[in-house]
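Okay, here's what each chain looks like letter by letter:
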Amino acid sequence: MAPRHLMSPLDFSVDELEALMDVAADIEKNPEKYAHVCDGKKLATLFYEPSTRTRLSFEAAMLNLGGKVLGFSSADSSSAAKGESVADTIRVISCYADIAAMRHPKEGAPLVASLHSRIPVINAGDGGHQHPTQTLTDLLTIRSLKGHFDGLKIGLCGDLKFGRTVHSLMNALSRYPGISFTLISPEELRIPSYVRDAMKALGIPMREDVRLDESTMKDLDILYMTRVQRERFFNEEDYIRMKDFYILDSEKMRLAPKDMYILHPLPRVNEISVDVDNDPRAKYFAQAQYGVYIRMALIMNLLGLAPEA
Ligand code: CP
């Protein structure tokens, strides 16, 4: 049977996403139930770009399930440095592992890999395009905090142009009724037109603004902060000009709604001041923990495994 892959959060229906989050919530409550689901299975982490959370939470997820992990953490330490294509690499990895998570700086590279793979391939972030497992993490975090998605007012702030986590999250949330977006970015880092047009076609209310202040935070349920990504800029001057455009600090938090939670895919640089970390509305470290539960649920789903009844 052809393996199922995950390239975009839209690859799962809303019902499938809900079921995945239900499993993740059960894993959080009953981790011991899942400790041997992947006994004898191997996960390959193929990371052509740096990562802390995604790679290590995938590895922790597979280890928590009783499986094993292998892989590489940079293109330089793989045969990509000798010119090997992702198509050839995944053909070979299909002989060594049961499932693979791939991060690559080129948009579409995990999709190319999936076309040549005998095992499930998970897109662990491709260039400025998509980051579906971050989105699963974000959805689980939001559902845990708010209990639902319908009618939520979501603010997204920072690098909305290259921010693959933002593109994936908007795609996923667009399927829930009553969602609206407030998009806060410098002019140069506005949301790409293909994302804006897709949201407009669905009739989703969107407001775009440059300011992160009381007027744009008013009424928000979630504020999703993102980093200005040095690695996506062609010239250093532009990066330096924009890197500290937004700094969310405790003074700004005093102007925010009392029930507006702060999420961030991390890593952060300066866009959230450390004095916000102890605010009960700061949920970005809890979010990183949810990433392990949802990746455990995803690995089981793609391998067609479940705990014994
Ligand atoms: N959120 C995220 O993708 O973090 P890493 O780059 O550390 O994997």
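Bear in mind the structure is a predicted one, so any value in this text is a computation, not a measurement.

A. The packing of helix H1 (residues 14-29) against helix H11 (residues 284-303), seen in detail. Contact geometry of H1 with H11 gives a least axis separation of 8 Å together with a crossing angle of 120 degrees. With respect to their mutual orientation, H1 and H11 come out oblique. For the pair H1 and H11, the sense of crossing is right-handed. On H11, the residues that touch Leu 20, Met 21, Val 23, Ala 24, Ile 27 and Glu 28 of H1 are Tyr 290, Tyr 293, Ile 294, Met 296, Ala 297, Leu 298, Met 300 and Asn 301. Classifying every residue of the contact of H1 with H11 by side-chain character gives twelve nonpolar, one polar and one charged.

B. The sheet that holds strand E2 (residues 68-72), seen in detail. Here four strands make up an open sheet; going across it, the order is E2-E1-E3-E4 and the pairing parallel. Of all strands in the sheet, those bounded by a partner on one side alone are E2 and strand E4 (121-126). Strand-to-strand twist in this sheet, taken as the mean axis angle between neighbours without regard to direction, amounts to 15 degrees. Both strand E1 (residues 42-47) and strand E3 (residues 99-104) contribute to a ladder of five bridges, which runs parallel. What sits directly across from Leu 46, in E3, is Met 102. Strands in contact with helix H3 (residues 86-96) are E1, E2, E3 and E4; relative to E1, the strand with the most contacts, it is inclined by about 160 degrees.

C. Looking closely at the domain arrangement of the chain. Here the chain is partitioned into domain 1 (9-130 + 291-303) and domain 2 (133-287). When each unit is reduced to the centre of its C-alpha atoms, the spacing between domain 1 and domain 2 is 25 Å. Each side of the interface is counted separately: domain 1 has 31 residues, and domain 2 has 23 residues. Around 2,200 Å² of area is buried between domain 1 and domain 2 when both sides are counted, 54% of it from carbon and sulfur atoms. Across the domain 1-domain 2 interface, the total number found is three salt bridges. Two residues, Asp 22 and Arg 143, come together in a salt bridge whose shortest N-O distance is 3.0 Å. Along the contact surface separating domain 1 from domain 2 lie 13 residue pairs in polar contact (both at pLDDT 80 or more). Taken together, the elements giving at least two residues each to the side of domain 1 that touches domain 2 come down to H1, helix H2 (53-64), E3, E4 and H11. At eight residues, the largest contribution of residues to the side of domain 1 that touches domain 2 is made by H1. Its residues assigned to classes, the side of domain 1 that touches domain 2 shows 14 nonpolar, ten polar and seven charged.

D. Seen up close, the side chain of Gln 287. Mapped onto the elements of the fold, Gln 287 is located in helix H11. The contacts of Gln 287, once residues within four sequence positions are left out, are Gln 134, Thr 137, Asp 138, Thr 141, Tyr 224, Leu 263, His 264 and Pro 265.

E. Seen up close, the side chain of Asp 138. By the secondary structure assignment, Asp 138 is in helix H5 (residues 132-146). Buried and without a salt bridge, Asp 138 has Arg 295 as its closest oppositely charged side chain, separated by 7.9 Å. For Asp 138, the residues in contact, after removing those within four places along its chain, are Leu 169, Tyr 224, Leu 263 and Gln 287.

F. Representation of unusual backbone geometry. In this model, Leu 266 is joined to Pro 267 through a cis peptide bond whose omega is 5 degrees. Take Pro 267: it is sitting in the loop between strand E9 (261-263) and H11. One non-glycine residue with positive phi stands out, namely Asp 219, at about 75 degrees. Residue position: Asp 219 is located in the loop between helix H8 (214-217) and strand E8 (222-225). Not every positive phi belongs to a glycine, and Leu 266 is a case in point at roughly 65 degrees. Inspection of the secondary structure assignment puts Leu 266 in the loop between E9 and H11.

G. Quick peek at the packing of helix H6 (residues 164-173) against helix H7 (residues 193-201). Viewed as axis vectors pointing N to C, H6 and H7 meet at an angle of 10 degrees, and their least axial separation amounts to 11 Å. Comparing their axes, H7 and H6 come out roughly parallel. Here His 167, Met 170 and Asn 171 of H6 lie close against H7, whose contacting residues are Tyr 194, Val 195 and Met 199. The residue inventory of the contact of H6 with H7, partitioned by class, reads four nonpolar, two polar and no charged.

H. View of the pattern of salt bridges. Tallied over the full model, the rule gives 18 salt bridges. The salt bridge involving Arg 268 is made with Asp 277; its shortest N-O contact spans 2.7 Å. Taking the relative accessible area as the measure of exposure, Arg 268 reaches 21% and is therefore partly exposed. Residues participating in the shared-partner salt-bridge network are Glu 187, Arg 190, Arg 196 and Glu 208.

Each value, and the rule that gives it
- Residues numbered from 1 in each chain as written.
- Predicted model: local features only at pLDDT ≥ 70, side-chain atom pairs only at ≥ 80, totals over all residues.
- Heavy atoms only, no water.
- Axes fitted to C-alpha atoms, helices over the stretch in contact; angles between N-to-C directions.
- Helix = DSSP H or I, 4+ residues; strand = E, 2+ residues; numbered from the N terminus.
- Parallel < 35°, antiparallel > 145°, perpendicular 65-115°, else oblique.
- Left-handed = near helix turned anticlockwise from the far one by under 90°.
- Contact = heavy atoms within 4.5 Å.
- Nonpolar A, V, L, I, M, F, W, Y, C, P; charged D, E, K, R; others polar.
- Pairing = 2+ DSSP bridges.
- Domains from an automatic or database assignment.
- Buried area = accessible area lost by both parts, 1.4 Å probe.
- Salt bridge = Lys/Arg side-chain N within 4 Å of Asp/Glu carboxyl O.
- Polar contact = N/O pair within 3.5 Å; in protein donor to acceptor, adjacent residues only side chain to side chain.
- Buried < 20%, exposed > 50% of the residue type's maximum accessible area, 1.4 Å probe, protein only.
- Lys, Arg positive; Asp, Glu negative; His and termini not counted.

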